[in-house]
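Overview (structure and organization)
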Amino acid sequence: MIDSRPSWDEYFVKITKQVSERSTCLRRKVGAILVRDKRILATGYNGAPSGIKHCYEVGCLREAQGVASGERHELCRGLHAEQNALIQAALYGVAVKGASIYCTHQPCALCAKMLINAGIVEIFYAEGYPDPLAQDLLNEAGIKLKKLSLDSSENT
Ligand SMILES: [Zn+2]
Ligand SMILES: [Zn+2]
């Protein structure tokens, strides 16, 4: 019998896309999941911290000031998907050392620094993000960065 199930990468990419749909960001919906030994450890999407009003409710300074993609993240009240996945793991005491992360978008430099120190060993992402510093940092840290397609049929 032929195994027609999705590959592990397809499986995790699809779930990451599903997670991103909970995003409350006005600009782009980002999802991330931490995976180890083919198990999902934690999930995250971009949005304001728990109990804090979201950008779509009170507006976002980055949007209001027309800040370019990839710049001035500190003006937004939202946390990034990768940050929320790491925080969720911390909240419940789940070790992430040696884990992989699947992201809908390539992590920014700030998330890259956090992922390096959290002991993440490889990053799979579906769409690029304009942050060359992130790529430099991840290369220097020896973390594998691999682009996967959200359209699973394109994956090789
Ligand atoms: Zn915002
Ligand atoms: Zn980020």
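Whatever comes next refers back to the structure up there.
The structure presented is a predicted model; accordingly, all values stated were derived computationally and were not measured.

Brief notes about the overall build of the protein chain
Secondary structure summary: the protein chain contains 6 helices and 5 strands in total. Its helices and strands in sequence order give the protein chain the pattern α-β-β-α-α-α-β-α-β-α-β, from N to C terminus. Considered along the principal axes of its C-alpha atoms, the protein chain spans approximately 55 × 30 × 30 Å. Each of the 156 residues in the protein chain was classed as buried or not, and the buried ones make up 42%. Residue pairs at least 24 apart in sequence account for 52% of intrachain contacts in the protein chain once pairs closer than 6 positions are excluded.

Quick look at the coordination of the zinc ion (ligand 1)
Distances from the zinc ion (ligand 1) to its protein donors, Cys55 (SG), Cys60 (SG) and Cys76 (SG), fall at 2.2 to 2.3 Å. Motif for the zinc ion (ligand 1), donor spacing along one chain: C-x4-C-x15-C. Taken as a pair, Cys60 in the loop between helix H2 (55-58) and helix H3 (61-64) and Cys76 in the loop between H3 and helix H4 (81-91) lie far apart in primary sequence, 16 residues in all. In this structure Cys60 comes out as buried when scored by relative accessible area, which is 12%.

Considering the packing of helix H5 (residues 109-117) against helix H6 (residues 132-140)
H6 packs onto H5 with a crossing angle of 15° between their chain directions and a minimal axis gap of 8 Å. By the angle between their axes, H5 is roughly parallel relative to H6. As for the relative orientation of H5 and H6, their crossing is right-handed in sense. Packed against H5, whose contacting residues are Ala109, Ala112, Lys113 and Ile116, the element H6 presents Leu133, Ala134, Leu137 and Leu138 at the interface. Considering only residue class, the contact of H5 with H6 consists of 7 nonpolar, no polar and 1 charged.

Observations regarding H5
For H5, the set of buried residues is Ala109, Cys111, Ala112 and Leu115. The buried side chains of H5 occupy one side of the element, clustering within an arc of 155° when seen end-on. Looking one or two residues past H5, Gly119 carries a phi angle of roughly 80°, positive in sign.

Section: the packing of aromatic side chains
Taken as a whole and judged by the stated rule, the model has 5 aromatic pairs. On the numbers, 4.7 Å between centres and 25° between planes, the contact of Tyr102 with Phe124 is stacked. Note that Tyr102 is positioned in strand E3 (residues 100-105) and Phe124 in strand E4 (residues 122-127), a separation of 22 residues in sequence. By way of ring pairs, the aromatic residues Trp8, Tyr11, Phe12, Tyr102 and Phe124 are connected into one cluster.

Cut-off values and rules
- Residues numbered from 1 in each chain as written.
- Chains lettered and ligands numbered in written order.
- Predicted model: local features only at pLDDT ≥ 70, side-chain atom pairs only at ≥ 80, totals over all residues.
- Heavy atoms only, no water.
- Helix = DSSP H or I, 4+ residues; strand = E, 2+ residues; numbered from the N terminus.
- Buried < 20%, exposed > 50% of the residue type's maximum accessible area, 1.4 Å probe, protein only.
- Contact = heavy atoms within 4.5 Å.
- Donors = N, O, S within 2.8 Å, 3.2 Å for Na, K, Ca; no water.
- Axes fitted to C-alpha atoms, helices over the stretch in contact; angles between N-to-C directions.
- Parallel < 35°, antiparallel > 145°, perpendicular 65-115°, else oblique.
- Left-handed = near helix turned anticlockwise from the far one by under 90°.
- Nonpolar A, V, L, I, M, F, W, Y, C, P; charged D, E, K, R; others polar.
- Arc of directions from axis to C-beta.
- Phe/Tyr/Trp six-rings, centres within 6.5 Å; stacked < 30°, edge-to-face > 60°.

From the geometry alone we can't say anything about function, so treat these as descriptive.
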